[in-house]
Amino acid sequence: MTMRLRNNYATATYRSSKIRQLLFWGAFANFACAKCLENYSQVLNVVRSLNVPSPDAIINGEHESDNFWVSNGKMLRAAWKAIEIKERSVLPSLVDNVYTSCEDYRVVPELLAANIHRAVTNAWKSPSPAKELAVKSVLKEVALGVYSCQLLTDEGVRRIRRYLELAKVSGIPARRPNGMNRYGIVIDDESQIDGAVSITELSKFCKHLVQDFVRPIGRMLFQANVGADDDVDTFAFTIRYSASEDTELAEHCDASVYTLNVNLNTDAESAFSGSAVYFVDPETSEKQAVQFEPGMALFHLGQTRHGAQPILTNGTRENLVIWLFGNHGDVRVAPYGAADQLDFSHRWKKPTSKDCHVAQPFNTASSDSGSRTYSKEL
């Protein structure tokens, strides 16, 4: 069974010849030239003066205000380039700086918890069933089919939050993260999603976190559900809960074959109460609540029903979520037979260079939204 994403974007238009001139890419070819910096500054001034629509819908909101985001998409991406130029000297590293191939780029090791980093690194050196078991031993099943581990260090959370804070104070409009959550951002620097936060370092972090950690772990945990082409594309976004924003999230399924959900609160910000994620047992319908800790990650199938309980204090819970799915947004639901499942050598296989730049279509509703069509044919 598959779900297919459907995009209904209109052709982008621009409201004045002045903006078209600012967006002429030849002007941005050389970041060091004074003219480029002058043009970037003008773009920032323009986008900061836009009349940005507010996110209102709490269901089926993935295409809310589409015309605004499509019409201004290129200009917003240019504005993010301007911010990167301005802030690059003070922003922390999330990935190693030397980029020679897809495989040679990696997440900075000190951002990751030692246990999971060590187990996964050893598995990559020479994959084997025993080393997979060592990885699995780091994870704990906290609800039926839901697995947890400490993924990020406090330093890792702080560095990622530095980029999210920059996005908040930049003055650059950013679209809602998905069809249900109103507060947070979409992360994409590949010009796939109009209105996304296009910060290169943050996008590379998500990409290589998936390549080196999330994808092999997901394939290991959900062997019956994931084939070689079922998790090749990703969609990364953040969500934020507080008393003055989204306070809870209705029960839903994700538009993914499996999902990573990692908490981005620091140790000093863990004082909020409530806001646990609950998962529904498909056989008994009982709900199992899981409370996030700073840097803690959850892995679960997208089809596992879940929701977020109300946040009860003035604190804030912020999370990074990454969906993995197949080409063109296909989401496989039916399990594979034992003979068709990936073996450990395929679960721990690096992507080729052509896979380094994956598509990230923006259609982020849950499977309850009516924006997907289902087929039971395998």
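Definitions and cut-offs
Residues numbered from 1 in each chain as written. Predicted model: local features only at pLDDT ≥ 70, side-chain atom pairs only at ≥ 80, totals over all residues. Heavy atoms only, no water. Pairing = 2+ DSSP bridges. Helix = DSSP H or I, 4+ residues; strand = E, 2+ residues; numbered from the N terminus. pLDDT = per-residue confidence, 0-100. Contact = heavy atoms within 4.5 Å. Buried < 20%, exposed > 50% of the residue type's maximum accessible area, 1.4 Å probe, protein only. Expected span 1.5 Å × (residues − 1). Axes fitted to C-alpha atoms, helices over the stretch in contact; angles between N-to-C directions. Phe/Tyr/Trp six-rings, centres within 6.5 Å; stacked < 30°, edge-to-face > 60°. Lys NZ or Arg CZ within 6 Å of the ring centre and 35° of its normal. Parallel < 35°, antiparallel > 145°, perpendicular 65-115°, else oblique. Left-handed = near helix turned anticlockwise from the far one by under 90°. Salt bridge = Lys/Arg side-chain N within 4 Å of Asp/Glu carboxyl O. Arc of directions from axis to C-beta.

Caption draft 1: Geometry of the sheet that holds strand E4 (residues 186–187). Taken together, the seven strands give an open sheet; going across it, the order is E2-E3-E10-E7-E12-E5-E4, and neighbouring strands pair in antiparallel fashion. If you trace the sheet from one side to the other, it starts and ends with strand E2 (140–143) and E4, each paired once. The pairing of strand E7 (residues 258–263) with strand E10 (residues 296–301) spans five bridges and is antiparallel. Bridge pairing in E10 links Asn261 to Leu298.

Caption draft 2: Broad picture of the confidence of the model for the chain. The predicted model of the chain averages 84 in pLDDT, with 80% of residues at 70 or higher. Confidence over residues 1–34 falls short of pLDDT 50; this stretch has 85 contacts with residues more than four positions distant or in other chains. Low pLDDT, under 50, characterises residues 356–378; the predicted model gives this stretch 90 contacts beyond four residues in sequence or across chains.

Caption draft 3: Main features of the environment of Thr304. Looking at where Thr304 falls in the secondary structure, it is placed in the loop between E10 and strand E11 (306–308). Assessed through its relative accessible area of 13%, Thr304 is described here as buried. The spatial distance from the C-alpha of Thr304 to the C-alpha of Gly145 is 8.1 Å, given a sequence separation of 159 residues.

Caption draft 4: Up close: helix H7 (residues 154–169). Here H7 spans 22 Å end to end across 16 residues, near enough to the 22 Å set by a 1.5 Å rise per residue. For H7, the complete set of buried residues consists of Gly156, Val157, Arg159, Ile160, Arg161, Tyr163, Leu164, Leu166 and Ala167. Looking at the packing, one finds that the buried side of H7 touches helix H4 (73–87), helix H8 (200–221), strand E5 (233–242), E7 and strand E12 (316–325).

Caption draft 5: Just the sheet that holds strand E6 (residues 249–252), in detail. The strand order E6-E11-E8-E9 describes an open sheet built from four strands, whose pairing is antiparallel. Looking at which strands have only one partner, the edges of the open sheet turn out to be E6 and strand E9 (287–290). Strand-to-strand twist across the sheet, computed as the mean angle between neighbouring axes with direction ignored, equals 15°. The pairing of strand E8 (residues 277–280) with E9 spans four bridges and is classified as antiparallel.

Caption draft 6: Examining the packing of aromatic side chains more closely. Counted according to the given criterion, the structure contains seven aromatic pairs. Relative to Trp69, the ring of Phe68 has its centre 4.8 Å away and its plane inclined at 90°; by these criteria the two rings are edge-to-face. Of the two residues examined, Phe68 and Trp69, each falls in the buried class. The side chain of Arg332 reaches across the aromatic face of Tyr336, ending 3.8 Å from its centre.

Caption draft 7: Up close: the packing of H7 against H8. Between H7 and H8, the shortest axis-to-axis distance is 10 Å and the interhelical angle comes to 135°. Compared by their axis directions, H7 and H8 come out oblique. The hand of the H7/H8 crossing is left-handed. Every residue of H8 that contacts H7 at Ile160, Tyr163 and Leu164 is listed here: Glu201, Leu202 and Phe205.

Caption draft 8: Focus on the pattern of salt bridges. Inspection of the entire model under this criterion finds 18 salt bridges. For Glu84, the salt bridge is made with Lys81, and the minimal N-O distance between the two is 3.9 Å. With Glu84 and Lys81 both in helix H4 and three residues apart, the pair spans about one turn of that helix. Overall, the relative accessible area of 26% leaves Lys81 in the partly exposed class.

Caption draft 9: Geometry of unusual backbone geometry. At Ser65, a residue that is not glycine, the phi angle is positive and equals roughly 60°. By the element assignment, Ser65 lies in the loop between helix H2 (34–48) and helix H3 (66–71).

Caption draft 10: Geometry of helix H5 (residues 114–125). Between the first and last C-alpha of H5 there are 17 Å, a value that for twelve residues agrees with the 16 Å anticipated at 1.5 Å per step. Considered for burial, the residues of H5 that qualify are Ile116, Ala119, Val120, Ala123 and Trp124. Each buried residue of H5 sits inside an arc of 135° when the element is viewed along its axis, so together they form one side. Of the surrounding secondary structure, the elements contacted by the buried residues of H5 are helix H6 (129–138), strand E3 (146–150) and H8.

Caption draft 11: Summary view of the environment of Leu91. Structurally, the position occupied by Leu91 is in the loop between H4 and H5. Placed 75 residues apart in sequence, Leu91 and Leu166 show a C-alpha to C-alpha distance of 9.2 Å. Contacts of Leu91, omitting those with residues within four sequence positions, involve Arg162, Tyr163 and Leu166.

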